[in-house]
Amino acid sequence: MTQRDLIRRLPKAELHLHIEGSFEPELMMQLAARNRIDLRFRTLDEAKAAYNFSNLQEFLDLYYEGMQVLRTEEDFHDLTWAYLQRAAADNVRHVEMFFDPQAHTGRGVPFGVVTEGILAALKRGETELGLTSYLILSFLRHLPEEDGFALLKGSEGWHDKFVGVGLDSSEMGHPPLKFERLYKRCRDMGFKLCMHAGEEGPPQYVREALIDIGVDRIDHGNRSMEDPALIQVLKDTQVPLTNCPLSNLSLCVIRDLKDSPVKAQLEAGLMVTVNSDDPAYFGGYIGRNYEKIADALTLSDAQVVTLARNSFAASFLPEAAKAKHLAAVDAAAR
Ligand code: ADE
Ligand code: ZN
């Protein structure tokens, strides 16, 4: 079996995926027409030409612009359903999906419209594709902590629909401790805690997320590798890192895929996983992320299998479901 075949066959979980980042320009143009909204881009080529970023903020500006055409429950359903079909084609069996409610409620789209549209597609994904899913409510870190508390209150009717919370958007200048009280509240409410940290931000941000806040998962975490003591904590605690290779390359977090920390993290015994982040913007869904990183770092087949195993081990699934998926990974690897 070639490594490509192995990657295709392996069941996978995707743990770092922003549903709004799976908005393909083709669908964006369809929804713009359906909702009679003018987009800055007239053609697909014009849109794709703009997908050229030199940092996180340049991407975020376009990401927030693109999602303006999402207005109705049907729009959020169609967006989510399109992602699930692509994920299933890559043999994703379980997804833990971020969404950014404040990016929608802030422009007048009610929380319920966003959430019910996504949930309808997730339900369909389970019945029609056998793909299970958890939803993660993400706070925008460039906004005040107070706004996060308001989102928590405004989403009260849906709390049982979320496995946890996340923190994304512009990292520099918005350290984890800005959200210390909000995260304490979320922990007390029983939510799992995720946070983007160390994508552009310094190792200190990962320390705050991991040690001061006590998150369950670090999203990205690249810059942890600059701090040997932090690497040791990550190894001892096995708090997962959700790495996103093609995202890192597109946003100039790394200059070349060969500079990705994934292999070093595997070799250091960290609980690292591979994910797509915003696949419509960064040139590939999860399968392509596995292929590209395996090629660039000359990962062994055993390391590729470890990445697939880690994806389930690092998920928020109950232990029995994890064991079932891990057995399926091992069977596919034989
Ligand atoms: N929102 C969507 N993708 C993101 C990323 N890679 N970093 C921070 N915020 C994001
Ligand atoms: Zn992300």
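These lines cover the structure that appears in this document, whether it is placed above or below. For clarity, every value in this text was computed on a predicted model and none was experimentally measured.

1. Notes on the coordination of the zinc ion (ligand 2)
Note on metal sites: the ideal angle is 109.5 degrees for four tetrahedral donors, and 90 or 180 degrees for six octahedral donors. The protein atoms donating to the zinc ion (ligand 2) are His16 (NE2), His18 (NE2), His196 (NE2) and Asp277 (OD), with metal-donor distances spanning 2.0 to 2.2 Å. Considering all 4 donor atoms around the zinc ion (ligand 2), the spread of angles at the metal, 83 to 174°, places the coordination shape in the irregular class. On the basis of relative accessibility, which here comes to 4%, the residue histidine 18 falls in the buried class.

2. Re the packing of aromatic side chains
On inspection of all chains with the given rule, the structure shows 15 aromatic pairs. Taking 5.3 Å as the distance between ring centres and 75° as the angle between the ring planes, the aromatic pair formed by phenylalanine 59 and tyrosine 281 counts as edge-to-face. Of this pair, phenylalanine 59 sits in helix H4 (residues 56–66) while tyrosine 281 sits in helix H14 (residues 279–282), placing them 222 residues apart in sequence. In this structure tyrosine 281 comes out as buried when scored by relative accessible area, which is 4%. One aromatic cluster in this structure is built from Tyr51, Phe53, Phe59, Tyr63, Tyr64, Tyr281 and Phe282. In this structure, lysine 12 packs its charged tip against the face of tyrosine 290, placed 5.8 Å from the ring centre. Positioned above the aromatic ring of tryptophan 81 is the side chain of arginine 124, whose terminal nitrogen or guanidinium carbon lies 3.9 Å from the ring centre.

3. Notes on the site of ligand 1
Around ligand 1 sit His18, Leu56, Phe59, Leu60, Tyr63, Asp168, Ser169, His196, Glu199, His220, Asp277 and Asp278, and that is every residue in its neighbourhood. Between a nitrogen atom of ligand 1 and a main-chain N or O atom of serine 169, the distance comes to 2.8 Å. Side-chain polar atom of histidine 220 to a nitrogen atom of ligand 1: 3.4 Å apart, as the coordinates give it. For the shell around ligand 1, the element with the highest residue contribution is H4, accounting for 4 residues.

4. Some details on the pairing of strand E2 (residues 92–99)
Counting buried residues along E2, 7 of its 8 residues qualify, which places the element largely inside the surrounding structure. Taken together, the 5 bridges between strand E1 (residues 12–18) and E2 define a ladder with parallel strand orientation. In the strand pairing of E2, leucine 17 is matched with methionine 97. Sheet analysis places E2 next to strand E3 (residues 132–140), joined by 6 bridges and oriented parallel. The partner of phenylalanine 99 across the bridge, within E3, is leucine 137.

5. Topic: the side chain of serine 170
Mapped onto the elements, serine 170 comes out in the loop between strand E4 (162–168) and helix H9 (180–188). The class for serine 170 is buried, based on a relative accessible area of 13%. Among the polar contacts made by the side chain of serine 170, one reaches the side chain of glutamine 57 at a distance of 2.7 Å.

6. Looking at the packing of helix H10 (residues 203–213) against helix H11 (residues 228–237)
Axis separation between H10 and H11 bottoms out at 10 Å; the angle between their running directions is 30°. Comparing their axes, H11 and H10 come out roughly parallel. The element H10 and its partner H11 pack so that their crossing is left-handed. Residue-level contacts link Pro203, Val206, Arg207 and Leu210 of H10 to Ala229, Leu230, Val233 and Leu234 of H11. Class assignment for the residues of the contact of H10 with H11 results in 7 nonpolar, no polar and 1 charged.

7. Thoughts on the sheet that holds E1
Here we have 8 strands laid out as an open sheet, ordered E1-E2-E3-E4-E5-E6-E7-E8, and parallel in their pairing. Edge positions in the open sheet fall to E1 and strand E8 (272–274), since each of these has one partner strand only. On average, each strand axis in the sheet is tilted by 25° relative to the strand beside it, whichever way the strands run. By the bridge criterion, 6 bridges tie E3 to E4 in an arrangement that is parallel. Residue phenylalanine 139 lies in a different strand from E4, and its bridge partner there is leucine 167. Its contacts with the sheet place H10 against strand E5 (192–197) and strand E6 (217–220), and it is angled at close to 165° to E5.

8. So, the environment of leucine 152
Inspection of the secondary structure puts leucine 152 in helix H8 (residues 145–154). With 13 residues separating them along the chain, leucine 152 and valine 165 place their C-alpha atoms 9.8 Å apart. Apart from the residues lying within four places of it in its own chain, the contact partners of leucine 152 are Leu137, Phe139, His159, Leu182, Arg185, Cys186, Met189 and Phe191.

9. Let's talk about the environment of aspartate 78
Within the secondary structure, aspartate 78 sits in helix H5 (residues 73–89). Taking the C-alpha atoms as reference points, aspartate 78 and asparagine 243, separated by 165 residues in sequence, lie 27 Å from one another. Excluding anything up to four places from it in sequence, aspartate 78 contacts Leu27 and Arg34. At a separation of 2.9 Å, a polar atom in the side chain of aspartate 78 contacts the side chain of histidine 77.

Thresholds, definitions, all that
- Every chain is numbered independently, its residues counted from 1 as its sequence is written.
- Written order decides the labels, with chains lettered from A and ligands numbered from 1.
- Per-residue local features are limited, in this predicted model, to residues with pLDDT of at least 70; the limit for side-chain atom pairs, both in listing and counting, is 80 or more; totals at the level of whole chains, interfaces and linings are taken over all residues.
- With hydrogens and water stripped out, all remaining heavy atoms of the structure feed into the side-chain values.
- Here a donor is any nitrogen, oxygen or sulfur atom (N, O, S) within 2.8 Å of the metal, with 3.2 Å used for Na, K and Ca; water is not among the atoms considered, so some sites may look incomplete.
- Think of it this way: with four donors and all angles in the 85 to 135 degree range, the site is tetrahedral; with four or six donors, opposite ones beyond 155 degrees and the rest between 65 and 115, it is square planar or octahedral; otherwise it is irregular.
- Here the term buried applies to any residue with accessible area under 20% of the maximum for its type, exposed to any over 50%, and partly exposed to those in between, with areas from a 1.4 Å probe on protein chains only.
- Each Phe, Tyr or Trp ring, with Trp reduced to its six-membered ring, pairs with another whose centre is within 6.5 Å; inter-plane angles below 30 degrees give stacked pairs, above 60 give edge-to-face pairs, and intermediate values give tilted ones.
- Here a strand is any run of E in DSSP of at least two residues, a helix any run of H or I of at least four, and the numbering for each starts at the N terminus.
- Two conditions define a charge located above a ring, namely a distance within 6 Å from the ring centre to NZ of Lys or CZ of Arg, and an angle within 35 degrees of the ring normal.
- The cutoff for a nearby residue is simple: one of its non-hydrogen atoms must lie within 4 Å of the molecule or strand.
- Distance and chemistry together define a polar contact, namely a pair of N or O atoms within 3.5 Å, with one atom able to donate a hydrogen and the other to accept it when in protein, and with adjacent residues in sequence counting only for side-chain atoms on both sides.
- Pairs of strands are assigned from DSSP output, requiring at least two bridges between the strands.
- Interaxial angles span 0 to 180 degrees and are taken between N-to-C directions of axes, which are lines fitted to C-alpha atoms, for helices over the stretch in contact.
- Just so you know how the angles are binned, under 35 degrees is roughly parallel, over 145 roughly antiparallel, 65 to 115 roughly perpendicular, and the rest oblique.
- Crossing handedness follows the turn of the near helix against the far one: under a right angle anticlockwise gives a left-handed crossing, and clockwise gives a right-handed one.
- Residue contacts follow a heavy-atom distance rule, with two residues in contact if any of their heavy atoms lie within 4.5 Å.
- By the convention adopted, Pro, Cys, Tyr, Trp, Phe, Met, Ile, Leu, Val and Ala count as nonpolar, Lys, Arg, Asp and Glu as charged, and the other residues, Gly among them, as polar.

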